[in-house]
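# Geometric and topological summary
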Amino acid sequence: MSAIAEGGIAVITGAASGIGYALSEEALRRGMSVVVSDIREEALAAAAQKLEGQGANVLAVLADVTSEENILALRDRALERFGKVNLLVNNAGAFVGGLAWETSAAQMDWIIDLNFKSVAHGIRAFVPQMIAQGDPCHVITIASAAGISVYPGYASYSPTKHAALAITEALYLDLIAEGIGNVGVTVVMPGMVRTDIMNPEKSSPTSLGLDREARHANATVRAIESTMTSALDGAIAPEDLARRVFDAADAGELYILPNHEGETLTMLTQAIANGRATGTNPWPAIMAGMSTRMFNKAE
Ligand SMILES: NC(=O)c1ccc[n+]([C@@H]2O[C@H](COP(=O)([O-])OP(=O)(O)OC[C@H]3O[C@@H](n4cnc5c(N)ncnc54)[C@H](O)[C@@H]3O)[C@@H](O)[C@H]2O)c1
């Protein structure tokens, strides 16, 4: 039985727009009840209203994923209303271009909290509950192709998406090592998706003073952000991505590379196959050796 099924309860962060909103609609289409969460109050209320208009069982919870307290409160509100949680989607995130030596300490702290530590908070808050429930459950992290690649101007985004990928792989391995079979794990590494991702100012703390014009005074940052913004026009629609993500998670896939093709897909697939020691790729000798030492048994 799948966690993404009629009667299941989904909690989705960053759900006021883009991929999070599309995943919420897709969850409803599949008969789940949905807890939508975001840091932007008005946008969240509008999103929830639109979802409720589809006759759905929706709860909106204002939460800043950079705060562990907010994530714990989000879990508690979901449990209060629905009594259980079957699916957590760690989706909230942001991209801001910047050179490695120009990204401020404050901006780096914010993006680490938002793109990486939020995933750790989500796992810590929800997975023990899922294990205790014992029914089919699933955790999905929306990382990025930047979780296994780096480009100029990606000094804050790529490291945090690498970390989001790694902690999700760690969750996957820990569940196997602990013999816990009811919680599935999937990490998604999309390329460009047609969303509001290139407008980080909408949800960043004003104290950071993010300023596109100031960033674009640098030719490299201007070039990368402009190229990405132009690429949004021809990018995959979030609704299409949402369908693929749920289909693949439903099929129990750990890694999803949903909208890459040709040379890029080959490069990313090889990067996963050759570069990651997760026991799902050509590193079995290392994994077997470690398991033998840890559990004193042959694989
Ligand atoms: N759009 C793309 O091309 C693309 C590609 C790869 C990965 N991603 C990832 O997909 C995820 C969703 O992004 P999107 O493309 O839908 O962009 P988006 O800007 O439309 O959505 C992000 C949502 O996260 C919310 N958010 C931001 N900070 C938050 C916080 N502190 N607490 C709670 N919510 C917060 C925003 O308000 C927004 O609604 C992100 O993690 C992003 O890195 C996007």
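First things first, this report covers the structure right here in the doc. (Residues numbered from 1 in each chain as written. Predicted model: local features only at pLDDT ≥ 70, side-chain atom pairs only at ≥ 80, totals over all residues. Heavy atoms only, no water.)

How two aromatic rings sit relative to each other is set out by the distance from centre to centre and by the angle between their planes. Here the structure, examined in full by the defined rule, presents four aromatic pairs. Centre to centre, the rings of phenylalanine 95 and tyrosine 157 are 5.0 Å apart; their planes meet at 75°, and the pair counts as edge-to-face. One end of the pair, phenylalanine 95, is in the loop between β4 (87–90) and α4 (105–133); the other, tyrosine 157, is in helix α5 (residues 157–177), with 62 residues separating them in the sequence. You'll find phenylalanine 95 and tyrosine 157 in the same group, each marked buried. (Phe/Tyr/Trp six-rings, centres within 6.5 Å; stacked < 30°, edge-to-face > 60°. Helix = DSSP H or I, 4+ residues; strand = E, 2+ residues; numbered from the N terminus. Buried < 20%, exposed > 50% of the residue type's maximum accessible area, 1.4 Å probe, protein only.)

This paragraph deals with helix α7 (residues 219–233). In this model α7 runs 22 Å from its N-terminal to its C-terminal C-alpha over 15 residues, within 8% of the 21 Å that 1.5 Å per residue would give. Here α7 has its buried residues at Val221, Ile224, Glu225, Met228 and Leu232. Viewed along the axis of α7, the buried residues span an arc of 90°, placing them on a single side of the element. More than 90 degrees from the buried face of α7, the exposed residues found are Thr227 and Asp233. Elements in contact with the buried residues of α7: α6 (212–215). (Expected span 1.5 Å × (residues − 1). Arc of directions from axis to C-beta. Contact = heavy atoms within 4.5 Å.)

Where α4 contacts α5, the two axes come as close as 8 Å, and the packing angle between them is 15°. The angle between α4 and α5 falls in the class roughly parallel. Judged by the sense of rotation from one axis to the other, the crossing of α4 with α5 is right-handed. Where α4 abuts α5, its residues Ile111, Ile112, Asn115, Phe116, Val119, Ala120, Ile123, Val127 and Ile131 lie against Tyr157, Thr160, Lys161, Ala163, Ala164, Ile167, Thr168, Leu171 and Leu175. Here the contact of α4 with α5 is composed, by residue class, of 14 nonpolar, three polar and one charged. (Axes fitted to C-alpha atoms, helices over the stretch in contact; angles between N-to-C directions. Parallel < 35°, antiparallel > 145°, perpendicular 65-115°, else oblique. Left-handed = near helix turned anticlockwise from the far one by under 90°. Nonpolar A, V, L, I, M, F, W, Y, C, P; charged D, E, K, R; others polar.)

The subject of this paragraph is the pattern of salt bridges. Scanning all chains against the criterion turns up 14 salt bridges. With a shortest N-O distance of 2.6 Å, arginine 29 and glutamate 26 are connected by a salt bridge. Here arginine 29 pairs with glutamate 26, and both are found in helix α1 (residues 18–29), just three residues apart, close to one helical turn. Residue glutamate 26 is classed as buried on the basis of its relative accessible area of 5%. By sharing partners, the salt bridges in this structure join Glu25, Glu26, Arg29, Arg30 and Asp247 into a single network. (Salt bridge = Lys/Arg side-chain N within 4 Å of Asp/Glu carboxyl O.)

So, about the nonpolar core. The tendency in soluble globular proteins is for nonpolar side chains to be buried as a group. The biggest cluster of nonpolar side chains holds 44 residues, and the ones touching the most others in it are Val11, Val35, Trp110, Phe126 and Met189. Contributing elements (two or more residues each) for this core: β1 (9–12), β3 (58–62), α3 (68–82), α4, β5 (137–142), α5, β6 (183–188) and α9 (262–275). Looking at which element gives the most residues to this core, the answer is α4, with nine residues. In contact with methionine 189, not counting residues within four places along its chain, are Ala143, Ser144, Ala145, Ile148, Leu165, Tyr255, Ile256, Leu257, Pro258, His260 and Ile272. Formed by 33 residues, the second largest nonpolar core is a distinct cluster that contains Ala10, Ala27, Leu241 and Val245. (Core = buried A, V, L, I, M, F, W, Y, C linked by side-chain atoms within 4.5 Å.)

It is worth spelling out the pairing of β4 at this point. Neither face of β4 is open: one carries Leu87 and Val89, the other Leu88 and Asn90, and all of them are buried. Inspection of the sheet shows β1 paired to β4 by three bridges, in the parallel sense. Its bridge partner lying in β4, isoleucine 12 is registered against valine 89. For β4 and β5, the ladder comprises four bridges, and the chain directions are parallel. Paired with asparagine 90 across the two strands is threonine 141, which belongs to β5. After leaving β4, the chain enters α4 and then returns to the sheet as β5, a path that is right-handed. (Pairing = 2+ DSSP bridges. Right-handed = clockwise from strand over helix to strand, strands pointing away.)

Let us look at the site of the ligand. Asp38, Tyr157, Val193, Thr195 and Lys202 are the nearest of the 30 residues found near the ligand. Between the ligand and isoleucine 19, the relevant distance is 2.8 Å, taken from an oxygen atom to a main-chain nitrogen or oxygen of the residue. For the ligand, an oxygen atom lies 2.6 Å from a polar atom in the side chain of threonine 195. Every element with two or more residues in the shell around the ligand is listed here: α1 and α5. (Near = heavy atom within 4 Å. Polar contact = N/O pair within 3.5 Å; in protein donor to acceptor, adjacent residues only side chain to side chain.)

Note that every value here comes from positions in space, so none of it alone points to a role or purpose.
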